[in-house]
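# Structural features, examined
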Amino acid sequence: MNVIECRQLSKSYLRKRALHQLTFSIRENTITGVIGRNGAGKTTLLKIIAGFYRPSSGEITVFSERPFNSMKVSQNMIYIDDQITLPTSLSLLDILHMAGRFYPNWDHDLAARMLDYFNLDPLQHLHHLSKGLRSTFLAIVGLAARCPLTIFDEPTTGMDAAIRKDFYRALLKEYLAHPRTILLSSHLLHELDDLLEDVLLIDRGELKLHLPVDELKEYAVAIIGDRELVEWVIASRTVYHRQQSGISRYAAIIRRDEDVLEEARQHGLEIAPVSPEDICVYLTNQTKGRIDDVFDRTES
Amino acid sequence: MMYLTEPSLKRVIWNQYLFKMTALPGLFTSLILTQLAAFALSLDGTGGTSIGFDTITVRITHFSGDLIFYFTLMWAYIAGIMLTIRQYRNADFFFVTNRWTQHLSTIALLLTASLYAGIVTPLLGNLLRLVIYWSHPDNVMTAIAPRPGELLLNLLITTWYAALLSCFGYLTGMLAQLNRVFVILIPALIIGSVYVQDSGGILTAAIRFYAGETSILLLSVKAALTLAIVYPFTMLITSSLEVRR
């Protein structure tokens, strides 16, 4: 069963096109990473799914309902980001109690134990927490709410490496014990490829790809060797990235293709896998040339 | 397997109402502070005249709870506006709600606050009379004890006025959320209409419509009708307002 279905979903603000003709669906009980560069449209997409924003055109259904103003979506969904400001009069414990009133599957015991584990004082206030601890607390709320659709928009902002690891581990354990549909946005796949099942890659408001992580691992290859030979072998293929490292070491990253691989092997070229993280970076590289070119104006 | 739960509107509105009552104690403390300020200002009297004869001077000073009443209405208007600001609305959407339940729970909160103002204001007016009675032992006093039924009447009047003002404040705030133009336009309209000398001003007409009413029953009907029109209107014009921007 699909929890989310989008058809030709677009969203534009006054001048800027934020999302353009997205069509995809998210299956029930999967963890999907919404990956994209800063400003790619991740947050806009997630907030349309959550029912906070209205799409400009196209169709979207969540639990078979249009999410905007849908009570059913709101009750079965929680959206965690670090932008939220809650009334300063509430302590962390108050917020947990409130969440328990609203979310039917709320596990207060879990929330309390996690608060204790991360050394968060229940009587503290949200606005007194540091950026990382704030994210930690909100992530705890997101997990303990046990909503059938759980959306984390850049949940690890400000968390240090240890807390981040703990969070991913907690997320996985919770997911296995109580399966639910999870969307998790990030600008990098880094640290996430073991956690995610699917990747939804967005670039400049457009859907670049929507694949299982396992397939993404096989998506592209690097052909490495002498520059001219490499270029000859990959001729007329779409090249995601070219890189010269050392005099005789030239790498080109292309879509996996058995014909090309065969030819590369015959010519004694080196073939290397490309990590899903790198593929996402290459597919969404929107800069003109490289950063080096900004400083190096004499070379063309 | 996680099952979808079907929401109950009543339950969500009740939860949102409880959330706001717990999370926004400032709404009630700000009224206390406003009224204390008005109370202190009223101790000097709200008006007076002196009549002098050859050797005698009679000084008449009016003391009344009017200032407390007007300050309360100002507070109600501002409270209505405050509840429309983005941070508060975003916080509602951290939990379960849609735009309708959000409006309805906020309206319930404003009505509760109005009733609270309606109870406190007349009592404070009476306290003022007592304090003045005790602090001016040598003077001739009139109208110290409240007339029978006066407290209840004042309670109703204050509640209705506070409910009206907070409702208008809510509309004002929501209009400003829809378009920033209203931030300038609404104060300009209000101030402008004060300066319109003939009876054509909107504000003058509005005040005459409500304050000119001498029957409490008719005032109640007028106020209730106004709320029944202005609140749904506000809900309709903001039904597509995006949140957590």
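Fair warning: this is a prediction, and the values are worked out from it, not measured in the lab.

### What to know about the overall build of chain A
From N to C terminus, chain A includes eleven helices and 13 strands. With the C-alpha coordinates of chain A rotated into their principal frame, the extents come out at 65 × 40 × 40 Å. Put simply, chain A has 300 residues, and 38% of those count as buried. Once local pairs closer than 6 in sequence are excluded, the contacts in chain A between residues at least 24 apart make up 68%.

### Observations regarding the overall build of chain B
When its secondary structure is counted, chain B shows nine helices and two strands. When the helices and strands of chain B are placed in sequence order, the string is α-α-β-β-α-α-α-α-α-α-α. In chain B, which comprises 245 residues, the share counted as buried stands at 29%. Long-range pairs, those at least 24 residues apart, make up 78% of the contacts in chain B with a sequence separation of at least 6.

### Quick look at the pairing of strand β10 (residues 220–225) of chain A
Residues and elements named next belong to chain A. Bridge analysis of β10 against strand β12 (residues 250–255) gives six bridges, and the strand direction is antiparallel. Residue G225 lies in a different strand from β12, and its bridge partner there is Y250. Relative to strand β13 (residues 270–273), β10 is paired through four bridges, and the arrangement is antiparallel. Looking across to β13, one finds that A222 is bridged to A272.

### With respect to the interface of chain A and chain B
The partner chain B presents 29 residues to the 31 residues of chain A that form the contact. Elements supplying a minimum of two residues to the side of chain A that touches chain B: α2 (71–75) and α3 (92–102) of chain A. Residues of the side of chain A that touches chain B, tallied by class, amount to 15 nonpolar, nine polar and seven charged.

### What to know about the sheet that holds strand β7 (residues 181–186) of chain A
Residues and elements named next belong to chain A. Ordered by their spatial adjacency, six strands build an open sheet running β5-β6-β7-β3-β8-β9, and the pairing between neighbours is mixed. Looking along the sheet, the strands with just one partner apiece sit at the ends: β5 (77–80) and β9 (206–212). Each neighbouring strand pair of the sheet contributes to a mean axis angle of 15 degrees, computed without reference to strand direction. Strand direction decides the pairing type here: β5 and strand β6 (residues 149–153), joined by four bridges, are parallel. The residue of β6 that forms the bridge with M77 is L149. Sheet strands in contact with helix α10 (residues 276–283) are β3 (31–36), β8 (198–203) and β9, and its direction is about 20 degrees off that of β8.

### Looking at helix α9 (residues 216–237) of chain B
Residue and element names in this part refer to chain B. Between the first and last C-alpha of α9 there are 31 Å, a value that for 22 residues agrees with the 32 Å anticipated at 1.5 Å per step. Residues of α9 that are buried include every one of L219, A223 and T234, and no others. For α9, the angular spread of buried residues about the axis comes to 25 degrees, placing them on one side. Projecting away from the buried face of α9 at angles above 90 degrees are the exposed residues L217, L218, V221, L225, A228, I229, P232, F233 and L236. Looking at the buried side of α9, the elements it contacts are α6 (150–178) and α8 (202–211).

### Overview of the environment of P276(A)
One can find P276(A) in helix α10. With 257 residues separating them along the chain, P276(A) and L19(A) place their C-alpha atoms 23 Å apart.

### Thoughts on the sheet that holds β10(A)
All names here are of chain A. Strand order in this open sheet of four strands is β11-β12-β10-β13, and the pairing throughout is antiparallel. Two strands close off the open sheet at either side, each with one partner strand: β11 (239–244) and β13. Averaged over all pairs of adjacent strands, the angle between their axes in this sheet comes to 20 degrees, without regard to strand direction.

### Some points on the packing of helix α3 (residues 66–82) of chain B against α6(B)
All names here are of chain B. Between α3 and α6, whose axes approach to 6 Å, the crossing angle comes to 35 degrees. Crossing of α3 against α6: the hand is right-handed. From α3, F69, T72, L73, A76, Y77, I78, A79, G80 and I81 reach across to α6, where they touch T158, Y161, A162, L165, S166, C167, F168, G169, Y170, T172 and G173. Here the residues of the contact of α3 with α6 are counted per class, giving 13 nonpolar, seven polar and no charged.

### Topic: unusual backbone geometry
Of note, R204(A) is a non-glycine position whose phi angle comes to about 45 degrees, a positive value. Note on placement: R204(A) falls in the loop between β8 and β9. Look at R244(B): it is not a glycine, yet its phi comes out positive at around 50 degrees. As for its placement among the helices and strands, R244(B) is situated in the segment after α9. A count of 21 C-beta atoms within 10 Å places R244(B) in the buried class.

### Description of the nonpolar core
If you look at the biggest cluster of nonpolar residues, it comprises 88 residues, and the most contacted ones within it are A99(A), I140(A), V141(A) and I151(A). Of all the elements, helix α5 (residues 131–144) of chain A adds the most residues to this core, at eight residues. Look past the residues within four positions of V141(A) in its chain and what remains in contact with it is I80(A), I95(A), A99(A) and A111(A). Within the second largest apolar cluster, 29 residues are counted, among which are Y161(B), A163(B), C167(B) and F168(B).

### Notes on the environment of G100(A)
For G100(A), the position within the fold is in helix α3. Taking the C-alpha atoms as reference, G100(A) lies 52 Å from T238(A); in sequence the two are 138 residues apart.

### Examining the confidence of the model for chain B
When pLDDT is averaged along chain B, the result is 88; 96% of the residues meet or exceed 70. With a pTM of 0.89, the predicted complex shows an ipTM of 0.88.

### Observations concerning the packing of α6(B) against α9(B)
All names here are of chain B. Relative to each other, α6 and α9 sit at 20 degrees, their axes nearing to 10 Å. Relative to α9, α6 is oriented roughly parallel. α9 is crossed by α6, and the crossing has left-handed handedness. When α6 is examined against α9, the residues L153, L156, I157, W160, A163, L164, C167, Y170, L171, M174 and L178 are found in contact with a partner set consisting of I216, L219, S220, A223, T226, L227, V230, Y231, T234 and I237. Each residue belonging to the contact of α6 with α9 can be placed in one class, and the counts come to 18 nonpolar, three polar and no charged.

What counts as what
Residues numbered from 1 in each chain as written. Chains lettered and ligands numbered in written order. Predicted model: local features only at pLDDT ≥ 70, side-chain atom pairs only at ≥ 80, totals over all residues. Helix = DSSP H or I, 4+ residues; strand = E, 2+ residues; numbered from the N terminus. Buried ≥ 20, exposed ≤ 12 C-beta atoms within 10 Å, placed from the backbone. Contact = placed C-beta atoms within 7 Å. Pairing = 2+ DSSP bridges. Nonpolar A, V, L, I, M, F, W, Y, C, P; charged D, E, K, R; others polar. Axes fitted to C-alpha atoms, helices over the stretch in contact; angles between N-to-C directions. Expected span 1.5 Å × (residues − 1). Arc of directions from axis to C-beta. Left-handed = near helix turned anticlockwise from the far one by under 90°. Core = buried A, V, L, I, M, F, W, Y, C linked by C-beta atoms within 7 Å. pLDDT = per-residue confidence, 0-100. Parallel < 35°, antiparallel > 145°, perpendicular 65-115°, else oblique.

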